[in-house]
Amino acid sequence: MSTSGQPQFRYTQTPSKVLHLRNLPWECIEEELVELCKPFGKIVNTKCNVGANRNQAFVEFADLNQAISMVSYYASSSEPAQVRGKTVYIQYSNRHEIVNNKSPGDVPGNVLLVTIEGVEAGDVSIDVIHLVFSAFGFVHKIATFEKAAGFQALIQFTDAETAASARNALDGRRHVGSCHLRISYSAHTDLNIKFQSHRSRDYTNPYLPVNPTAIEGIMQPTVGPDGKKKEPESNVLLASIENMQYAVTVDVLHTVFSAFGTVQKIAIFEKNGGTQALVQYPDVTTAAVAKESLEGHCIYDGGYCKLHLSYSRHTDLNVKAFSDKSRDYTIPETGYVVPQATRAPSAPTVWTNPRSAQMFPGSDYATAAVQAQVPQGQVPAWDPTGQVSRSTFASVPSTFPGQTFSPTSPAYATAVIPPGSSSIALTGPVSPLQANMRPGDASPPGQPPFYG
DNA sequence: AGCACA
């Protein structure tokens, strides 16, 4: 049922709510399209930067008559439609709706997400990136990171126009040096750069400290007495969860790792088809104890959810305060700063900056970073269990009839095991976790009584 | 200057 055949010409095209605009200036952004078209009706969708030259666009009106009025107007007008002084040619699109308009990277903004293909992270210095992108305007900040897609950088300009000009000039099949750049927009408006380092810069703040992360790139891997590579210690543990037959939630991890001290932040993510988590303690000592105690142990009996722990290179996670995959227990508004009684290390949490940029390896940084923009304390709409809201903790037991745990159960006491104690055998007959949680429960294992 | 995209 093909309708192929004659190419359609202007005069024979059937009207459509969707207009096709061409000969647009490269810099043309959605706002300019709207300015041009909105006198004729309500615009329900747009798509700009279309075509090989990115100089075409589509505009969809709410009503067919509005599109007709615009085409009619300019058909008889002595002044052509213009964007920034450039004549724009308008005709009915041969489609009747704009599809797939808003892929996230197409929403213009002042921050670009740049993927540099075919290079190792170490091959491109941040200074080169800065140089290249400075050609289009003042570069405020740069954050680089690695993910599966390759080496990426977030580049913050003053405004969307500047960012667009850089994108238009560099995106696509162009090569800068030998690098292949793919550029889209980030949802960020303001990157939060904590340190000047080999992977991030804030050019608006020359006094920003150069910090440990900067040293990481230089630091040689330390070698232990056995000659094996020994990872530097950290207050953040990287946990790989093996044989994950049961859901491992933030709350489950919080319960497990809180046995050794205050857990500040947790982030769960997927890597290489497996599940990993970053768990942040206030200090290295606590992390070390937790690491030694939990390494190789299983969260659930029967070899399920076996933990493998290493030190993360990170010292401060910035996680979305409250999501199904992450939690920041240091944000006061969430009511999560729970001193672990006698166990709480008193180390000052000077590095704890809830608003700092989020970076953790192996995760989808772009996604995570977007999440970081969610206002603190905001409970995401996505909350399948309804359990993670602070206000519901008190009612957790009643929410799960048939679940036998009680918030005042002494079982909690057994969850707090002296650091270094050899009795930490999660797979043992009296696994502290068994008393608290049921494998397969999507619900948190319950919170200590102080929530009630 | 002539119709997107995943």
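- As annotated in an unreviewed UniProt entry, chain A carries the name RNA recognition motif domain and comes from Dillenia turbinata.
- The UniProt entry for chain A carries the following text under Subcellular location (unreviewed entry): "Nucleus".
- The UniProt entry for chain A carries this comment under Function (unreviewed entry): "Plays a role in pre-mRNA splicing. Binds to the polypyrimidine tract of introns. May promote the binding of U2 snRNP to pre-mRNA."

## Digging into the overall build of chain A
Logical step 1: What chain A contains, in helices and strands, is ten helices and 20 strands.
Logical step 2: Relative to its full complement of 452 residues, chain A shows a buried share of 47%.
Logical step 3: Per element, the accessible surface of chain A, about 22,000 Å² overall, is 55% carbon and sulfur.

## Re the environment of H254
Logical step 1: If you trace the backbone, H254 turns up in helix α6 (residues 250-257).
Logical step 2: For H254, a relative accessible area of 8% gives the class buried.
Logical step 3: When the C-alpha positions of H254 and Q264 are compared, they lie 9.2 Å apart, and in sequence the two are ten residues distant.

## Things to note about α6
Given 3.6 residues per turn, any residue in an α-helix points the same way as the ones three and four places further on.
Logical step 1: Of all eight residues in α6, eight are buried; the element is thus mostly enclosed.
Logical step 2: If you check which residues of α6 are buried, you get V250, D251, V252, L253, H254, T255, V256 and F257.

## Some words on the sheet that holds strand β15 (residues 236-242)
Sheet strands pair by backbone hydrogen bonding; their relative direction is either parallel or antiparallel.
Logical step 1: In space, the six strands of this open sheet follow the order β18-β19-β15-β17-β16-β20, with antiparallel pairing throughout. The open sheet is flanked by β18 (298-300) and β20 (326-328), the only strands paired with a single partner. Taken over all neighbouring pairs, the strand axes of this sheet differ in orientation by 25 degrees on average, direction set aside.
Logical step 2: Where α6 meets the sheet, its contacts fall on β15, β16 (265-271), β17 (274-280), β18, β19 (304-311) and β20, and the angle it forms with β16 comes to roughly 125 degrees.
Logical step 3: With respect to the sheet, helix α7 (residues 284-294) is in contact with β15 and β19, its orientation differing from that of β19 by roughly 140 degrees.

## Thoughts on the protein's contact with DNA strand B
Logical step 1: Close to DNA strand B lie 19 residues; Q13, R22, Q91, Y92 and R95 are nearest.
Logical step 2: When the atoms of DNA strand B within 4 Å of the protein are sorted by group, sugar and phosphate make up 39%.
Logical step 3: The side chain of H20 places a nitrogen or oxygen atom 3.4 Å from a sugar or linking oxygen of DNA strand B.
Logical step 4: Of all the secondary-structure elements, those providing two or more residues to the surface near DNA strand B are β1 (18-22), β2 (43-50), β3 (56-61) and β6 (89-92).
Logical step 5: Here the surface near DNA strand B gets three residues from one element, more than from any other, and that element is β6.

## Focus on the side chain of E60
Logical step 1: As for its placement among the helices and strands, E60 is situated in strand β3.
Logical step 2: Buried charge E60 goes without a salt bridge, the closest partner of opposite sign being K17 at 4.4 Å.
Logical step 3: Once residues lying within four places of it in the same chain are set aside, the contact partners of E60 are K17, V18, K42, I43, V44, N45, H96, E97 and I98.

## As for the packing of aromatic side chains
Logical step 1: Taken as a whole and judged by the stated rule, the model has six aromatic pairs.
Logical step 2: Judged by centre distance (4.9 Å) and plane angle (90 degrees), the rings of Y73 and Y74 are edge-to-face.
Logical step 3: What makes Y73 partly exposed here is its relative accessible area of 45%.
Logical step 4: With a relative accessible area of 22%, Y74 lands in the partly exposed category.

## What about the sheet that holds β3?
Logical step 1: On the basis of which strands lie adjacent, the open sheet formed by four strands has the order β2-β3-β1-β6 and antiparallel pairing. Strands with a single pairing partner mark the edges of an open sheet, and in this sheet they are β2 and β6. Neighbouring strand axes in the sheet, compared pairwise and without regard to direction, differ in orientation by 20 degrees on average.
Logical step 2: Inspection of the sheet shows β1 paired to β3 by four bridges, in the antiparallel sense. Note on β3: the bridge partner recorded for L19 is V59.
Logical step 3: Packing against the sheet, helix α2 (residues 64-76) makes contact with β1, β3 and β6, and its axis sits at approximately 140 degrees to β6.

What counts as what
Residues numbered from 1 in each chain as written. Chains lettered and ligands numbered in written order. Predicted model: local features only at pLDDT ≥ 70, side-chain atom pairs only at ≥ 80, totals over all residues. Heavy atoms only, no water. UniProt positions renumbered as here; feature names shortened; annotations may be inferred. Helix = DSSP H or I, 4+ residues; strand = E, 2+ residues; numbered from the N terminus. Buried < 20%, exposed > 50% of the residue type's maximum accessible area, 1.4 Å probe, protein only. Areas by Shrake-Rupley, 256 points an atom, 1.4 Å probe, with all protein chains shown as cover. Pairing = 2+ DSSP bridges. Axes fitted to C-alpha atoms, helices over the stretch in contact; angles between N-to-C directions. Contact = heavy atoms within 4.5 Å. Near = heavy atom within 4 Å. Polar contact = N/O pair within 3.5 Å; in protein donor to acceptor, adjacent residues only side chain to side chain. Lys, Arg positive; Asp, Glu negative; His and termini not counted. Salt bridge = Lys/Arg side-chain N within 4 Å of Asp/Glu carboxyl O. Phe/Tyr/Trp six-rings, centres within 6.5 Å; stacked < 30°, edge-to-face > 60°.

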